[in-house]
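Chain by chain, the residues run as shown.
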Amino acid sequence: MVQIPLSLIMRHGEFAKIPFHDIEAHQAVLEEAKSRLAMFLQLSMKYNELHGIYTVVWNFQRPQHNYNGRLLKKYDVRNTSYVIDILNRELENLVFGYKNANIFDFDELTSTLGKRYFQDDILYDQNNMGAIGNGDYEFDKSRIVTPTSVDELFSPRLFEFYEAAWNEILAMYRCARSADAIKMVVFDLDDTLWRGVLAERMDDVEALERAPVGWPRGVAEAVHILKKRGIITAIVSKNDEGNIRALWHPVWRDQLSLEDFPIRFINWKPKPDNMADVLAAANLLPRNVLFVDDNPVERAAMKTAYPDIRCIGDEPYLTRRILLCAAETQVPFITDESARRSDMMAAQVERETARKVMDRADFIASLKVKVRLSRVANVDDPKYPRVFELINKTNQFNTTGKRWTPPEMADFLSSGGALICWSVVDKFTDYGIVGAALCRGPVIEQIVMSCRVFGIDVEKMFMPTLMDMCAAAKTSMVVGLITKTAANAPCQKIFESFGFTEGEPGIWRRYAPG
């Protein structure tokens, strides 16, 4: 964690003593503060640069007031609050220039919890920006009239702020490592995505108008934000699908569409049975799914059928916050593939529907699958963020299950490792980058592939090229590594299916002919 004291960037009294109408002097001090900020940040980031250690940089707290006066301009370089806004923007731009580093928005956290209970700018100069405390009290007890203590005047809640800060930093770390990531959110409808059981009141105009008002609109907006993050949204509801289609537009108008949910099972089957079909359609594990349902019986049934699935819905006023703010539903970056994932899932559902009515060989031939391999040169390669995301979020087609830190990946690439990725296109859609392999000399150390392209023989197209690349390392043998995990059964036979033979457990070898 890096926290640069604001007093190093803005010296005590520096802004306050400048004549109010001397805008040029205010601007000059701001530019000097920017220069100091860049210098102190560079000094503070040495462990990040030398060792790649994940680094959280705290931003600066904004004063609680415009101390020039409440009737004067807020967005003015003479207002210290605005100057700190500019410095925070500058700090963010600088931090995003480093690898494996993020801004901790401490200013936002203190604003959310209430700066009056933490921040000391109401007592001391604006660049002090410490935690409010009772330190002056002992020195002032000898006054003619003993003053009221700071604790009594301001009721500080310091431990609450420190605990919240620590929890936020842990959430940032979990998000950066994609720990326990949610890849799909499955929604019930009645009293979950809208108020009430609407199929029973289809002719009640007032009920239909009231159904999306309030917290449901917040959940609807969350659906769109989740889609931008690359999280799939689905519906599992006990309802008549015809009724739901008839109700949808009167309720949501243009705010939310049924097509925003590429996977939909609206029928009278038990919800765990429908969830089996949802998981099959998305090729996901239960542990990567969040189920939202207001009915405790349905949530209990789902947990009984799928102990690893996560369930919420009993507190509608918390649903939006969990969906948008939980570390497990956030992502460290948004790639092109992430932003298009909902559309790709809709194409995948269409593809799987076609599969059910065709002979397998005819189905595969009809797809016109094309696979393109390319090498990721280094961590600055534009393809790197998506490939790194794929490696650390893939569970089922992951030959070792290994998760990589950015420093580990940088060391792998700088020490001669090859990071190969491939993209896939078929007649339904362009899936983007869906697979990656880490190779070192003749050894294929790890292969990962997105569940979106399971079952369309993509491996038959990338494996021969991978083996040729490894064999080009002037050896007659190619080695593949497998580590069995609880989730990676779909890929445990990949080397065997391409003529490799297992020697020691988990080590597969293939010798070139002759």
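Throughout this document, residue positions are counted from 1 along each chain, in the order its sequence is written. The predicted origin of the model limits local features to residues at a pLDDT of at least 70 and limits the giving and counting of side-chain atom pairs to 80 or more, whereas totals for whole chains, interfaces and linings rest on all residues. To obtain the side-chain values, all non-hydrogen atoms of the structure were included, while hydrogens and water were left out.

Draft legend 1. Quick peek at the sheet that holds strand β6 (residues 289-292). Strands sit in the order β5-β4-β3-β6-β7 across an open sheet of 5 strands; the sheet is parallel. With one partner strand each, in any of the chains shown, β5 (263-267) and β7 (310-312) form the two edges of the open sheet. The average undirected angle you get between the axes of adjacent strands in this sheet is 20 degrees. When strand β3 (residues 184-187) meets strand β4 (residues 232-238), the two strands line up parallel, connected through 4 bridges. The residue bridging methionine 184 from the neighbouring strand is isoleucine 232, located in β4. We treat two strands as partners when DSSP finds at least two bridges between them. Counting from the N terminus, the helices are the DSSP runs of H or I reaching at least four residues and the strands are the DSSP runs of E reaching at least two. All axes are obtained by fitting lines to C-alpha atoms, using only the stretch in contact for helices, and the reported angles, taken between N-to-C directions, cover 0 to 180 degrees.

Draft legend 2. Here's a closer look at the pattern of salt bridges. Put simply, a salt bridge is a Lys or Arg side-chain nitrogen that is within 4 Å of an Asp or Glu carboxyl oxygen. Tallied over the full model, the rule gives 29 salt bridges. The closest approach of N and O atoms between glutamate 138 and lysine 141, which form a salt bridge, is 3.3 Å. Three labels apply to residues, based on accessible area from a 1.4 Å probe with only protein chains included: buried if under 20% of the type maximum, exposed if over 50%, partly exposed otherwise in between. Residue glutamate 138 is classed as exposed on the basis of its relative accessible area, which comes to 57%. Judged by its relative accessible area of 39%, lysine 141 falls in the partly exposed class.

Draft legend 3. Representation of helix α18 (residues 384-393) within the structure. Counting buried residues in α18 gives 9 out of 10 residues, a clear majority hidden from the surface. Among the residues of α18, Tyr384, Arg386, Val387, Phe388, Glu389, Leu390, Ile391, Asn392 and Lys393 are the ones counted as buried.

Draft legend 4. Looking closely at helix α13 (residues 296-305). Within α13, the full set of buried residues consists of Glu298, Arg299 and Met302. Along α13, the residues classed as buried sweep out an arc of 100 degrees about the axis, all on the same side. Of the exposed residues in α13, the ones pointing more than 90 degrees away from its buried face are Pro296, Val297 and Thr304. Whether two residues are in contact is decided by their heavy atoms: any pair within 4.5 Å suffices. Of the surrounding secondary structure, the elements contacted by the buried residues of α13 are β4, α12 (271-282), β6 and β7. The N-terminus of α13 is capped by asparagine 295, whose side-chain oxygen sits 2.8 Å from the backbone nitrogen of valine 297. Directions from the helix axis toward the C-beta atoms define the arc. Pairing of N or O atoms within 3.5 Å defines a polar contact, subject to two protein rules: one partner must be a possible hydrogen donor and the other a possible acceptor, and residues neighboring in sequence count only if both atoms are side-chain atoms.

Draft legend 5. The packing of aromatic side chains, seen in detail. The pairing test for Phe, Tyr and Trp rings, Trp by its six-membered ring, is centres within 6.5 Å, and the orientation test on the planes gives stacked under 30 degrees, edge-to-face over 60, and tilted for anything in between. Counting across every chain of the model gives 16 aromatic pairs. A centroid spacing of 6.0 Å and a plane angle of 85 degrees characterise the contact between tyrosine 75 and tyrosine 82, whose relative ring orientation is edge-to-face. Residue tyrosine 75 is classed as exposed on the basis of its relative accessible area of 59%. Judged by relative accessible area, tyrosine 82 falls into the partly exposed class, the value being 23%. Considering the side-chain rings of phenylalanine 106 and phenylalanine 118, the 5.6 Å spacing of their centres and the 85 degrees angle between planes classify their relative orientation as edge-to-face. Of this pair, phenylalanine 106 sits in helix α5 (residues 106-113) while phenylalanine 118 sits in the loop between α5 and α6 (137-140), and the two are 12 residues apart along the sequence. Each member of the pair, phenylalanine 106 together with phenylalanine 118, is buried. Aromatic ring contacts, followed pair by pair, group Trp58, Phe104, Phe106, Phe118, Phe161 and Tyr162 into a single cluster.

Draft legend 6. Here's a closer look at the packing of helix α2 (residues 23-44) against helix α4 (residues 80-95). Packing of α2 against α4 brings their axes to within 10 Å, and their N-to-C directions diverge by 35 degrees. For α2 against α4, the interelement crossing comes out right-handed. The segment α2 lies against α4, with Leu30, Ala33, Lys34, Leu37, Ala38 and Leu41 engaging Val83, Ile86, Leu87, Glu90, Leu91, Leu94 and Val95. The sense of a crossing depends on the near helix, which, turned anticlockwise from the far helix by less than a right angle, makes the crossing left-handed and, turned clockwise, makes it right-handed.

Draft legend 7. Quick peek at the pairing of β6. The alternating pattern of β6 places Val289 and Phe291 and Leu290 and Val292 on opposite faces, both of which are buried. The pairing of β3 with β6 spans 4 bridges and is classified as parallel. The partner of valine 185 across the bridge, within β6, is leucine 290. Where β6 meets β7, 3 bridges bridge the pair, whose relative direction is parallel. Residue pairing in the sheet places leucine 290 in a bridge with arginine 310 of β7. For the handedness criterion, the strands are oriented away from the viewer, and a crossover whose path from the first strand over the helix to the second runs clockwise is classed as right-handed. The handedness of the β6 to β7 crossover, carried by α13, is right-handed.

Draft legend 8. How the structure looks around the sheet that holds strand β13 (residues 501-502). What the 7 strands build is an open sheet, ordered β8-β9-β10-β11-β12-β14-β13; its pairing is mixed. The sheet is open, and its two edges are formed by β8 (370-376) and β13, each paired on a single side. Bridge count for strand β12 (residues 477-481) against strand β14 (residues 507-511) is 5 bridges, and the pairing is antiparallel. Bridge pairing in β14 places methionine 477 opposite tyrosine 511. Across the sheet, α18 is in contact with β8, β9 (418-425), β10 (430-440) and β11 (443-449); its angle to β10 comes to roughly 75 degrees.

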